[in-house]
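# Summary of the model geometry
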Amino acid sequence: YFKKPISSRMIECREIFEYNRPSDFMEMFTGIRPVTLNETSMSNTLRGKKDSLKVLLDRISDDEDGAFVAGTGFTFLNARFRSWHCYNIDNIDKNTHVVLLNDNKYQHKLRADYDDIRSKFKFICGYFGDML
(Lines give C-alpha, C1' and ligand atoms only; values in the text may rest on other atoms or scores of the structure.)
Protein backbone atom coordinates (compact mmCIF):
# COMPACT_ATOMS: atom_id res chain seq x y z
CA TYR A 1 0.00 0.00 0.00
CA PHE A 2 2.70 2.51 0.92
CA LYS A 3 4.60 1.87 -2.32
CA LYS A 4 1.69 3.48 -4.19
CA PRO A 5 1.77 7.14 -5.14
CA ILE A 6 -0.42 9.24 -2.82
CA SER A 7 -2.90 9.93 -5.62
CA SER A 8 -3.39 6.18 -6.11
CA ARG A 9 -3.91 5.50 -2.41
CA MET A 10 -7.07 7.61 -2.46
CA ILE A 11 -8.72 5.34 -5.03
CA GLU A 12 -10.39 2.28 -3.53
CA CYS A 13 -9.17 -0.97 -5.03
CA ARG A 14 -9.47 -4.67 -4.39
CA GLU A 15 -5.84 -5.70 -4.65
CA ILE A 16 -2.74 -4.19 -3.07
CA PHE A 17 -1.09 -3.81 -6.49
CA GLU A 18 -3.94 -2.08 -8.33
CA TYR A 19 -3.38 1.56 -9.28
CA ASN A 20 0.29 1.12 -8.61
CA ARG A 21 3.20 2.13 -10.81
CA PRO A 22 4.33 -0.92 -12.79
CA SER A 23 7.91 -0.49 -11.59
CA ASP A 24 6.73 -0.72 -7.96
CA PHE A 25 4.61 -3.75 -8.81
CA MET A 26 7.55 -5.48 -10.53
CA GLU A 27 9.92 -4.68 -7.70
CA MET A 28 7.41 -6.01 -5.16
CA PHE A 29 7.54 -9.43 -6.86
CA THR A 30 11.22 -9.62 -7.84
CA GLY A 31 13.01 -7.49 -5.25
CA ILE A 32 14.87 -5.84 -8.15
CA ARG A 33 14.20 -2.30 -9.38
CA PRO A 34 13.35 -2.43 -13.12
CA VAL A 35 14.57 -0.20 -15.93
CA THR A 36 12.06 2.58 -16.58
CA LEU A 37 11.67 5.28 -19.19
CA ASN A 38 9.31 8.19 -18.47
CA GLU A 39 7.16 6.33 -15.92
CA THR A 40 6.98 9.08 -13.31
CA SER A 41 7.13 12.01 -15.73
CA MET A 42 4.21 14.40 -16.08
CA SER A 43 4.47 13.92 -19.85
CA ASN A 44 1.72 11.70 -21.22
CA THR A 45 3.84 10.47 -24.16
CA LEU A 46 7.38 9.45 -24.99
CA ARG A 47 7.71 12.17 -27.66
CA GLY A 48 10.43 14.00 -25.75
CA LYS A 49 12.45 10.79 -25.36
CA LYS A 50 12.90 9.93 -29.04
CA ASP A 51 16.62 9.08 -28.90
CA SER A 52 16.58 7.21 -25.58
CA LEU A 53 13.41 5.37 -26.66
CA LYS A 54 15.05 4.09 -29.85
CA VAL A 55 18.13 2.95 -27.92
CA LEU A 56 15.93 1.15 -25.36
CA LEU A 57 13.69 -0.54 -27.96
CA ASP A 58 16.72 -1.67 -29.97
CA ARG A 59 18.33 -3.07 -26.83
CA ILE A 60 15.11 -4.89 -25.86
CA SER A 61 15.06 -6.33 -29.39
CA ASP A 62 18.52 -7.84 -28.85
CA ASP A 63 17.63 -9.38 -25.48
CA GLU A 64 15.75 -12.68 -25.83
CA ASP A 65 15.28 -13.07 -22.07
CA GLY A 66 14.00 -9.58 -21.27
CA ALA A 67 10.53 -8.78 -19.98
CA PHE A 68 9.11 -5.30 -20.62
CA VAL A 69 5.76 -3.55 -20.68
CA ALA A 70 4.69 -0.40 -22.49
CA GLY A 71 2.14 1.67 -20.61
CA THR A 72 -0.29 4.30 -21.76
CA GLY A 73 -1.33 7.42 -19.94
CA PHE A 74 -4.60 9.17 -20.60
CA THR A 75 -5.95 8.41 -24.09
CA PHE A 76 -9.00 9.74 -25.84
CA LEU A 77 -12.19 7.74 -26.31
CA ASN A 78 -12.13 5.23 -29.16
CA ALA A 79 -8.34 5.26 -29.10
CA ARG A 80 -6.46 2.22 -30.35
CA PHE A 81 -4.83 1.74 -26.95
CA ARG A 82 -6.68 1.91 -23.61
CA SER A 83 -6.02 4.61 -21.01
CA TRP A 84 -3.74 3.76 -18.11
CA HIS A 85 -3.08 0.25 -19.37
CA CYS A 86 0.05 -1.88 -19.76
CA TYR A 87 0.86 -4.06 -22.74
CA ASN A 88 3.54 -6.76 -22.73
CA ILE A 89 6.22 -6.20 -25.32
CA ASP A 90 6.37 -9.61 -27.00
CA ASN A 91 8.81 -8.92 -29.81
CA ILE A 92 10.61 -6.05 -31.50
CA ASP A 93 12.08 -6.03 -34.99
CA LYS A 94 14.62 -3.22 -34.85
CA ASN A 95 15.18 -3.36 -38.62
CA THR A 96 11.55 -2.57 -39.48
CA HIS A 97 10.83 -0.74 -36.18
CA VAL A 98 7.81 -2.95 -35.51
CA VAL A 99 6.79 -3.74 -31.93
CA LEU A 100 4.43 -6.64 -31.19
CA LEU A 101 2.34 -6.08 -28.07
CA ASN A 102 0.13 -8.40 -26.08
CA ASP A 103 -2.84 -7.14 -24.08
CA ASN A 104 -3.17 -9.86 -21.45
CA LYS A 105 -6.31 -8.42 -19.87
CA TYR A 106 -8.35 -8.37 -23.07
CA GLN A 107 -6.44 -11.11 -24.92
CA HIS A 108 -5.51 -8.99 -27.94
CA LYS A 109 -2.34 -8.92 -29.99
CA LEU A 110 -1.39 -5.51 -31.35
CA ARG A 111 1.24 -4.21 -33.68
CA ALA A 112 2.84 -0.78 -33.38
CA ASP A 113 5.82 0.96 -34.87
CA TYR A 114 8.36 3.06 -33.00
CA ASP A 115 6.40 6.24 -33.85
CA ASP A 116 3.22 4.73 -32.33
CA ILE A 117 5.12 3.84 -29.18
CA ARG A 118 6.57 7.34 -28.96
CA SER A 119 3.27 9.15 -29.50
CA LYS A 120 0.72 6.85 -27.86
CA PHE A 121 2.54 5.43 -24.85
CA LYS A 122 3.61 7.15 -21.66
CA PHE A 123 6.36 4.80 -20.45
CA ILE A 124 8.30 1.56 -20.81
CA CYS A 125 9.29 -0.52 -17.82
CA GLY A 126 10.90 -3.91 -17.29
CA TYR A 127 13.95 -6.10 -17.03
CA PHE A 128 16.76 -7.24 -19.27
CA GLY A 129 17.53 -10.93 -18.99
CA ASP A 130 20.84 -10.41 -17.18
CA MET A 131 19.11 -8.42 -14.42
CA LEU A 132 17.12 -11.40 -13.16
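Residues numbered from 1 in each chain as written. Predicted model: local features only at pLDDT ≥ 70, side-chain atom pairs only at ≥ 80, totals over all residues. Heavy atoms only, no water.

### A look at the overall build of the protein chain
- Within the protein chain one finds four helices and six strands.
- Put simply, the protein chain runs from its N terminus to its C terminus through helices and strands in the order α-α-β-α-β-β-β-β-α-β.
- In the protein chain, which comprises 132 residues, the share counted as buried stands at 39%.
- Contacts in the protein chain between residues at least 24 apart in sequence constitute 50% of all its contacts with a sequence separation of at least 6. (Helix = DSSP H or I, 4+ residues; strand = E, 2+ residues; numbered from the N terminus. Buried < 20%, exposed > 50% of the residue type's maximum accessible area, 1.4 Å probe, protein only. Contact = heavy atoms within 4.5 Å.)

### Some words on the sheet that holds strand 3 (residues 86–93)
- Strand order in this open sheet of six strands is 1-6-2-3-4-5, and the pairing throughout is antiparallel. Each of the sheet's edge strands pairs with one partner strand only, and the pair in question is strand 1 (35–37) and strand 5 (108–113). For this sheet the average axis-to-axis angle between neighbouring strands, irrespective of direction, equals 30°.
- As paired elements, strand 2 (residues 67–71) and strand 3 share three bridges and run antiparallel to each other. Bridging from a neighbouring strand, Ala 70 pairs with Tyr 87 of strand 3.
- In the packing of helix 2 (residues 22–30) onto the sheet, contacts are made with strand 1, strand 2, strand 3 and strand 6 (123–127), and the angle to strand 6 comes to roughly 10°. (Pairing = 2+ DSSP bridges. Axes fitted to C-alpha atoms, helices over the stretch in contact; angles between N-to-C directions.)

### Looking at the pairing of strand 2
- Of all five residues making up strand 2, four are buried, and the element is well covered by its neighbours.
- Strand direction decides the pairing type here: strand 2 and strand 6, joined by five bridges, are antiparallel. Bridge pairing links Val 69 to Cys 125 in strand 6.

### A look at the side chain of Thr 75
- Its place among the elements puts Thr 75 in the loop between strand 2 and strand 3.
- In this structure, Thr 75 is in contact with Phe 81, Arg 82 and Ser 83, ignoring residues within four places of it in sequence.

### Overview of helix 3 (residues 50–62)
- Over its 13 residues, helix 3 extends 19 Å from the first C-alpha to the last, a length consistent with the 18 Å expected when each residue adds 1.5 Å.
- Turning to helix 3, its buried residues are Leu 53, Leu 56, Leu 57, Asp 58 and Ile 60.
- Buried residues in helix 3 make contact with strand 1, strand 2, strand 3, helix 4 (114–120) and strand 6. (Expected span 1.5 Å × (residues − 1).)

### So, the packing of aromatic side chains
- The full count for this structure, using the stated rule, is five aromatic pairs.
- Through a chain of ring-to-ring contacts, the aromatic side chains of Phe 81, Tyr 87 and Phe 121 assemble into a single cluster.
- The cationic tip of Arg 59 hangs over the ring face of Phe 128; the distance from NZ or CZ to the ring centre is 3.7 Å.
- Across from the ring centre of Tyr 106, 3.6 Å away, lies the NZ or CZ of Arg 82, which sits over that ring. (Phe/Tyr/Trp six-rings, centres within 6.5 Å; stacked < 30°, edge-to-face > 60°. Lys NZ or Arg CZ within 6 Å of the ring centre and 35° of its normal.)

### Re the layout of surface pockets
- Put simply, the second largest pocket is a space of about 200 Å³.
- Forming the boundary of the second largest pocket are 15 residues, of which Gly 66, Ala 67, Phe 68, Ile 89 and Asp 90 lie nearest the centre.
- Listing elements by their share of the lining of the second largest pocket, those giving two or more residues are helix 3, strand 2 and strand 3.
- Sorting elements by how many residues they give to the lining of the second largest pocket places strand 3 first, with five residues.
- A per-class count over the lining of the second largest pocket returns eight nonpolar, four polar and three charged. (1 Å grid on protein atoms, 1.4 Å probe; cavity = no way out; pocket = protein on both sides within 12 Å on 5 of 7 lines; lining within 4 Å. Points joined across faces, edges and corners; volume = space filled by probe spheres on them. Nonpolar A, V, L, I, M, F, W, Y, C, P; charged D, E, K, R; others polar.)

Interpretation in functional terms is not warranted from these geometric data alone.
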